[in-house]
Amino acid sequence: MLGPFECFVWLLCTLLEAGVVVCAVRTRSFRRYFLLNVYMGLSFLVSVGRYTVLRHSGVDSLEYAYFYFYSDALLTIGLYFALLSLYSLVFDEMKAERYLRLGAFLLLGATAWFSYEIVNQSTHRMLTHFAFELSQNLYFVGLVLTYVLWGAIFKLRESRTRLIQLVLALGIYFSAFAANYALRNLYPNLQPVWHFVTPLLGCILPATWMFAFLRVPEEARLVPARLAVVPR
Amino acid sequence: MSRKLTVVFLAMLVLVGAMSLKTVVVAHGDGSVIMANGGAPAPPVPWKNGGAPAPPVPWKNGGAPAPPVPWK
């Protein structure tokens, strides 16, 4: 049974996910950040679906577990493509669209193959295992890709504030979950704390993206650090 | 051609890096999962009760009953 805190955080997260799409439409950024908005829209629909299944079957039911893990795999694939759309925006002046697409599909295919090889060892409930394994592996691929993108932003001296904010938010989101996982294993006796912290982390991405769409205009630029002029 | 090969190399490098990171993290973990999509409560993993490895299924090759041994 869910407590009031879990219900509140879940509702808040769902509203924020819908809020991202609404803010993007309101600021006429929906098409430019199309895949980001598709991911957020999908997250909203999945949240509603999960709530419906949970209400009918309960949190410990097999129906909820299967729906949760299959939808999670779908969302992770969505997040992967959203991240790659940020790559396209960062590299759009280099005309590297074709190579990015090739790399993206190759990486996704290789991750799927790797996941298949892992679950191939245990044939029992293979499809479910595959969805679960793919979701976990893509999470780590997304984590590495976000750091690589952040490195590219530094190297290319990217100045588009909104784009930087979107990428940073994604980096914080991935890192927060990884840190939470590590701390949970380091301090298992603090289980009541993690019980509250983990659902809150899910709100980071929709909250920061909503802020970026709502408060940071598309034409905003960061001033790059100036070179120091030493008088002779 | 070399650009395409570079793309392939980079994709493989990212995959190796990610899987190494996952191995390090999961090896030191308690078997719980990282689920990072939305605020919905994560259910218990349906195919796992505890951390012990699942034993091989005894009726490994299909569910048909085993025939009597011919040299009985």
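Residues numbered from 1 in each chain as written. Chains lettered and ligands numbered in written order. Predicted model: local features only at pLDDT ≥ 70, side-chain atom pairs only at ≥ 80, totals over all residues.

A. Region of interest: the overall build of chain B. Looking only at helices and strands, chain B features one helix and zero strands. Among the 72 residues that make up chain B, the fraction classed as buried is 19%. (Helix = DSSP H or I, 4+ residues; strand = E, 2+ residues; numbered from the N terminus. Buried ≥ 20, exposed ≤ 12 C-beta atoms within 10 Å, placed from the backbone.)

B. Structural detail: the overall build of chain A. Each helix and strand in chain A was counted, giving eight helices and zero strands. Walking chain A from its N terminus toward its C terminus, one meets helices and strands in the order α-α-α-α-α-α-α-α. For chain A, the spread of C-alpha atoms along the principal axes amounts to about 75 × 40 × 40 Å. When each of the 232 residues of chain A is scored for burial, the buried share is 38%.

C. Fine view of the interface of chain A and chain B. Listed by partner, the interface residues are 47 residues for chain A and 34 residues for chain B. Residue assignment for the side of chain A that touches chain B shows that the elements contributing at least two residues are helix 1 (4–26), helix 2 (34–57), helix 3 (62–90), helix 4 (97–119), helix 5 (126–155) and helix 6 (161–186) of chain A. (Contact = placed C-beta atoms within 7 Å.)

D. Region of interest: the nonpolar core. Among the nonpolar cores identified, the biggest contains 68 residues, and V20, L83, V141, L166, L170 and W209 of chain A together with V14 of chain B are the most heavily contacted of them. Where this core is concerned, the elements lending two or more residues are helix 1, helix 2, helix 3, helix 4, helix 5, helix 6 and helix 8 (204–215) of chain A together with helix 1 (2–27) of chain B. The biggest single contributor to this core is helix 3 of chain A, with 15 residues. (Core = buried A, V, L, I, M, F, W, Y, C linked by C-beta atoms within 7 Å.)

E. Examining unusual backbone geometry more closely. All names here are of chain A. The phi angle at R28 is positive, at roughly 55 degrees, despite the residue not being glycine. Turning to its location among the elements, R28 is positioned in the loop between helix 1 and helix 2. Classification of R28 by C-beta neighbours within 10 Å gives exposed; the count is 9. Even without being a glycine, R157 presents a positive backbone phi close to 50 degrees. When you line up the elements, R157 lands in the loop between helix 5 and helix 6.

F. Structural detail: helix 8 of chain A. Taking 1.5 Å per residue as the helical rise, helix 8 of chain A with its twelve residues ought to reach 16 Å, and the 16 Å between its terminal C-alpha atoms agrees with that figure. In this structure, the buried residues of helix 8 of chain A make contact with helix 1, helix 2, helix 6 and helix 7 (191–201) of chain A. (Expected span 1.5 Å × (residues − 1).)

G. Fine view of the environment of L156 of chain A. The residue L156 of chain A is located in the loop between helix 5 and helix 6 in this model. Note: C-alpha distance between L156 of chain A and V90 of chain A (66 residues apart in sequence) is 8.7 Å.

H. Representation of the packing of helix 5 of chain A against helix 6 of chain A in the model. Residue and element names in this part refer to chain A. Two elements in contact, helix 5 and helix 6, have axes separated by 10 Å at closest approach and are oriented at 145 degrees. Crossing handedness for the pair helix 5 and helix 6: left-handed. Across the interface between the two elements, G142, L143, T146, Y147, L149, W150 and I153 of helix 5 pack against I164, V167, L170, G171, F174 and A178 of helix 6. Looking at the contact of helix 5 with helix 6 residue by residue, the classes come out as ten nonpolar, three polar and no charged. (Axes fitted to C-alpha atoms, helices over the stretch in contact; angles between N-to-C directions. Left-handed = near helix turned anticlockwise from the far one by under 90°. Nonpolar A, V, L, I, M, F, W, Y, C, P; charged D, E, K, R; others polar.)

I. View of the packing of helix 4 of chain A against helix 1 of chain B. Their axes nearest at 9 Å, the elements helix 4 of chain A and helix 1 of chain B cross at an angle of 40 degrees. Classified by the angle between their axes, helix 4 of chain A and helix 1 of chain B sit oblique to one another. Note on packing geometry: the crossing formed by helix 4 of chain A with helix 1 of chain B is right-handed. Two secondary-structure elements touch here, helix 4 of chain A through Y99, L102, G103, L106, L107, A110, T111 and F114 of chain A and helix 1 of chain B through R3, K4, V7, V8, L10, A11, M12, V14, L15 and M19 of chain B. Of the residues assigned to the contact of helix 4 of chain A with helix 1 of chain B, the class counts are 14 nonpolar, two polar and two charged. (Parallel < 35°, antiparallel > 145°, perpendicular 65-115°, else oblique.)

J. Geometry of the confidence of the model for chain B. All names here are of chain B. With 44% of its residues at a pLDDT of 70 or more, chain B shows a mean pLDDT of 66. pLDDT under 50 marks residues 48–63. Its contacts with residues more than four places away, or in other chains, come to three contacts. Scored as a whole, the predicted complex attains pTM 0.83, and scored at its interfaces, ipTM 0.72. (pLDDT = per-residue confidence, 0-100.)

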